[in-house]
Amino acid sequence: MSLLEVKDLSVSFPTPDGLVRAVQGANFSVDAGKTLGIVGESGSGKSVACMTVMGLVRGARVSGQVLFDGRDVLAMREDDRRRLRGAEIGMVFQDPLSSLHPLYKVGWQIAEAVRAHERVSWRAAQVRAMEMLALVGIPNPARRVEEYPYQFSGGMRQRAMIAMSLVLQPKLLIADEPTTALDVTVQAQIIELIRQLQGDFAMAVIMVTHDLGVVAGMADHVAVMYAGKVVEYAERRHLYYTPAHPYTKGLLASLPTRSRGKARLAQIAGQPPSLISLPPGCSFHPRCPVVTERCRAEEPTFLSLTGDDAVQGAACWLARPPARAVHPAAAKGPVP
Ligand SMILES: Nc1ncnc2c1ncn2[C@@H]1O[C@H](COP(=O)(O)OP(=O)(O)OP(=O)(O)O)[C@@H](O)[C@H]1O
Ligand SMILES: [Mg+2]
């Protein structure tokens with residue numbers, strides 16, 4: 001059994017304009033100590049899916065199951081869910097200012113997170129906060145615990161946020177675009193930090209991003225979301241070497257490579273659809289370069305392409321089990 005199993009998850013928001021179908025029938029799972037990448041364009045439902053896993057969506061209609069260690073998060077009492085958050089599932093958001101309180105010292109906030117879940121003295125909690133800040137690479141932690149978030153740089157705030165979410169050593173860390181607001185060098189440092197801490201704590205990670213390049217070096221599995229649906233789910237090497245969904249292929253074609261540089265980046269033409277009025281058939285069909293009549297009329301079912309040693313599947317009428325043997329690089333494993 002996986003640490004986290006999300007089964008047939010749907011989340012929709014009633015609004016004055018109509019029902020926003022933010023997530024529809026999503027399935028994905030993460031094993032203990034492993035990394036799942038969730039990738040998709042802005043508005044594809046990544047954050048809503050993660051917030052639902054944490055039991056944090058409000059005003060939504062939710063169906064399906066979110067099994068964490070075999071227990072359904074959606075069916076839990078709010079008290080139990082609160083205990084789960086922080087202690088067993090940590091979360092890092094895109095904007096750390098939304099999670100760090102501006103009026104409290106950083107050290108106090110991390111210590112408070114410890115005290116909310118464990119019976120320890122203030123002094124002990126403060127020491128843990130300091131150790132955690134040191135671990136995430138904040139210089140001079142003894143002084144920094146006494147500072148307020150505004151005294152930290154953006155990258156340091158992100159590190160402080162990671163320190164706070166990891167101080168209770170959760171089994172699962174959900175990192176929702178943890179580096180989008182940061183410059184490229186700091187981005188790479190934060191990703192490396194998460195990888196390193198994942199190894200130290202044997203922690204599972206869900207890494208949410210709109211950039212397939214970010215998860216290329218770290219994910220074991222990748223879920224590609226489009227218009228609220230998981231349109232492809234695969235082991236990383238299969239996703240990169242034998243993508244099955246035209247949308248995944250489009251995302252890959254828009255990645256800079258060493259040989260191509262950034263010079264001739266393909267873009268996926270068009271825009272994602274409104275989640276209030278999805279097109280009939282496959283949601284991707286208006287943008288799909290290989291669209292057929294059937295795609296316009298019938299919604300594709302999720303086809304398993306899983307072979308002997310491969311986990312892969314896609315929601316596309318044209319998906320075929322890839323001839324993996326003709327991709328010798330795929331056998332070698334990690335993508336550069
Ligand atoms: N509380 C809400 N009420 C109504 N609609 C919502 C609500 N929260 C999210 N949505 C809608 O759900 C859809 C999915 O949003 P979500 O935040 O999950 O996208 P995302 O994939 O995380 O995008 P981004 O990459 O920009 O963060 C969007 O169309 C958004 O407007
Ligand atoms: Mg988001």
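About the thresholds
Residues numbered from 1 in each chain as written. Chains lettered and ligands numbered in written order. Predicted model: local features only at pLDDT ≥ 70, side-chain atom pairs only at ≥ 80, totals over all residues. Helix = DSSP H or I, 4+ residues; strand = E, 2+ residues; numbered from the N terminus. Buried ≥ 20, exposed ≤ 12 C-beta atoms within 10 Å, placed from the backbone. Contact = placed C-beta atoms within 7 Å. Domains from an automatic or database assignment. Expected span 1.5 Å × (residues − 1). Pairing = 2+ DSSP bridges. Near = placed C-beta within 6 Å. Arc of directions from axis to C-beta. Core = buried A, V, L, I, M, F, W, Y, C linked by C-beta atoms within 7 Å. Axes fitted to C-alpha atoms, helices over the stretch in contact; angles between N-to-C directions. pLDDT = per-residue confidence, 0-100.

Brief notes about the overall build of the chain
The helix and strand tally for the chain stands at 12 helices and 12 strands. In terms of principal-axis extent, the alpha carbons of the chain reach across some 65 × 45 × 40 Å. In the chain, which comprises 336 residues, the share counted as buried stands at 43%. When contacts within the chain are restricted to residue pairs at least 6 apart in sequence, those whose partners lie at least 24 apart make up 62%.

With respect to the domain arrangement of the chain
We note that the domain assignment places domain 1 (4-223) and domain 2 (227-256 + 277-332) within the chain. The gap between the C-alpha centroids of domain 1 and domain 2 is 28 Å. Across the contact, 19 residues belong to domain 1 and 15 residues belong to domain 2. Broken down by secondary-structure element, the contributors of at least two residues to the side of domain 1 that touches domain 2 are strand E2 (18-30), helix H8 (212-216) and strand E9 (221-226). The dominant element in the side of domain 1 that touches domain 2, judged by the number of residues it contributes, is E2, at 8 residues.

A word on helix H6 (residues 154-166)
Between its terminal C-alpha atoms H6 stretches 18 Å, which fits the 18 Å expected from 13 residues at 1.5 Å a residue. When you tally the buried positions in H6, you get 12 out of 13 residues, the bulk of the element. Listed as buried for H6 are Gly155, Met156, Arg157, Gln158, Arg159, Ala160, Met161, Ile162, Ala163, Met164, Ser165 and Leu166.

Observations concerning the pairing of strand E6 (residues 89-92)
Here E6 shows two buried faces, one formed by Ile89 and Met91 and the other by Gly90 and Val92. By the bridge criterion, 4 bridges tie E6 to strand E7 (residues 172-176) in an arrangement that is parallel. In the sheet register, Ile89 faces E7, and the bridge partner there is Leu172.

Notes on the sheet that holds strand E10 (residues 229-235)
Pairing within the open sheet is mixed, and its 8 strands lie in the order E6-E7-E8-E3-E9-E10-E12-E11. What marks the edges here is a single partner per strand, and that holds for E6 and strand E11 (303-304). Pairing geometry for E11 and strand E12 (residues 312-314), over 2 bridges, is antiparallel. Paired with Leu303 across the bridge in E12 is Ala314.

Quick word on the site of ligand 1
Near ligand 1 there are 15 residues, and of these Phe13, Ala22, Ser42, Ser47 and Val48 occur at the shortest range. Looking at the shell around ligand 1, the element that brings in the most residues is helix H1 (residues 46-53), giving 3 residues.

Quick word on helix H7 (residues 184-201)
Its 18 residues place the ends of H7 26 Å apart at the C-alpha level, agreeing with the 26 Å of an ideal helix rising 1.5 Å per residue. All buried positions along H7 are accounted for by Ile190, Ile194 and Gln198. Looking straight down H7, one finds its buried side chains confined to an arc of 75°; they lie on one side. With respect to the buried face of H7, the exposed residues turned more than 90 degrees away are Thr185, Gly199 and Asp200. Looking at the packing, one finds that the buried side of H7 touches strand E3 (35-39), H6, E7 and strand E8 (204-209). Ala202, located one to two residues past H7, shows a positive phi value of around 50°.

Comments concerning the nonpolar core
Within the largest apolar cluster, 92 residues are counted, with the highest numbers of intra-cluster contacts made by Ile110, Ala160, Ala163, Ile174, Ile206 and Val224. Among the elements that make up this core, the one with the highest residue count is H6 (7 residues). Taken domain by domain, this core gets at least three of its residues from each of domain 1 (4-223) and domain 2 (227-256 + 277-332). Non-local contacts of Ile206, meaning those with residues more than four positions away in its chain, are made with Val30, Leu36, Ile38, Cys50, Ile174 and Ala175.

Some thoughts on the sheet that holds strand E4 (residues 61-68)
Ordered in space as E2-E1-E4-E5, the 4 strands form an open sheet in which the pairing is antiparallel. Taken across any chain shown, the strands that pair with only one partner, and hence form the sheet edges, are E2 and strand E5 (71-72). Seen against the sheet, H1 touches strand E1 (4-15), E2 and E4 and runs at an angle of roughly 115° to E1.

Some details on the confidence of the model for the chain
Looking at the chain as a whole, the pLDDT averages 88, with 91% of positions reaching at least 70. A low-confidence stretch, residues 326-336 stays under pLDDT 50, and its non-local contacts, those more than four residues away or across chains, total 13 contacts.

A closer look at unusual backbone geometry
Phi at Asp8 takes a positive value of approximately 50°, unusual for a residue other than glycine. Not every positive phi belongs to a glycine, and Gln169 is a case in point at roughly 50°. As for its placement among the helices and strands, Gln169 is situated in the loop between H6 and E7. Judged by the 15 C-beta atoms lying within 10 Å of it, Gln169 is partly exposed.

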